[in-house]
Amino acid sequence: ELPENWTDTRETLLEGMLFSLKYMGMTLVEQPKGEELSAAAVKRIVATAKASGKKLQKVTLKVSPRGIVLNDSGTNELIENVSIYRISYCTADKIHDKVFAYIAQNQLNENLECHAFLCPKRKM
């Protein structure tokens, strides 16, 4: 959770904020941004996650001015390090109010990917 005075804590902003989330999955998207585009992508990810019946992977998401760093909560293994320059869109989904998603360009194949995460609380 963000402290009340989080805007005053410059170090936190530069070093990054840590969030404990559950990784729901990824889907390819056609365009780098858009509310309807991301809503449709999140809908696909949620449906796929539910259909698989598997437990969601617990992850630690670190957000900083450099980008997003994703680690496995259990093993602390690096899953992904996304440069801020590859991220084109971030959103809190309107329908699934505990879902946070971002769209980024894959470093290897240039595909646009929408990644979705389940937050423990809506406010997060």
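The structure presented is a predicted model; accordingly, all values stated were derived computationally and were not measured. (Residues numbered from 1 in each chain as written. Predicted model: local features only at pLDDT ≥ 70, side-chain atom pairs only at ≥ 80, totals over all residues. Heavy atoms only, no water.)

S.K.: Which residues make up the sheet that holds strand β7 (residues 112-118), and what values do they have?
M.R.: The antiparallel open sheet is built from seven strands, whose spatial order is β4-β3-β2-β1-β7-β6-β5. The sheet terminates laterally at β4 (78-83) and β5 (87-92), the two strands that pair on one side only. Adjacent strand axes in the sheet meet at a mean angle of 30 degrees when their direction is disregarded. Of the pairings in the sheet, the one linking strand β6 (residues 99-105) to β7 comprises seven bridges and is antiparallel in character. Within the sheet, the bridge partner assigned to Ala101 lies in β7 and is Ala116. Relative to the sheet, helix α2 (residues 35-52) contacts β1 (17-28), β5, β6 and β7, its axis offset from that of β1 by approximately 90 degrees. (Pairing = 2+ DSSP bridges. Helix = DSSP H or I, 4+ residues; strand = E, 2+ residues; numbered from the N terminus. Axes fitted to C-alpha atoms, helices over the stretch in contact; angles between N-to-C directions. Contact = heavy atoms within 4.5 Å.)

S.K.: Lay out the side chain of Glu113 in plain terms, naming residues and giving numbers.
M.R.: Tracing the backbone through its elements, the reader meets Glu113 in strand β7. At 9.2 Å, Arg86 is the nearest oppositely charged side chain to Glu113, a buried residue that forms no salt bridge. Not counting residues up to four positions away in its chain, the partners in contact with Glu113 are Met26, Thr27, Leu28, Val29, Glu80, Tyr102, Ile103, Ala104 and Asn106. (Buried < 20%, exposed > 50% of the residue type's maximum accessible area, 1.4 Å probe, protein only. Lys, Arg positive; Asp, Glu negative; His and termini not counted. Salt bridge = Lys/Arg side-chain N within 4 Å of Asp/Glu carboxyl O.)

S.K.: Talk me through the pairing of β5; I want residue IDs and the actual numbers.
M.R.: Pairing geometry for β5 and β6, over five bridges, is antiparallel. Pairing of Tyr89 across the sheet is with Ile103, part of β6. A loop of six residues connects β5 with β6, the two strands running antiparallel in sequence.

Function-wise, these values are silent; they only describe arrangement.
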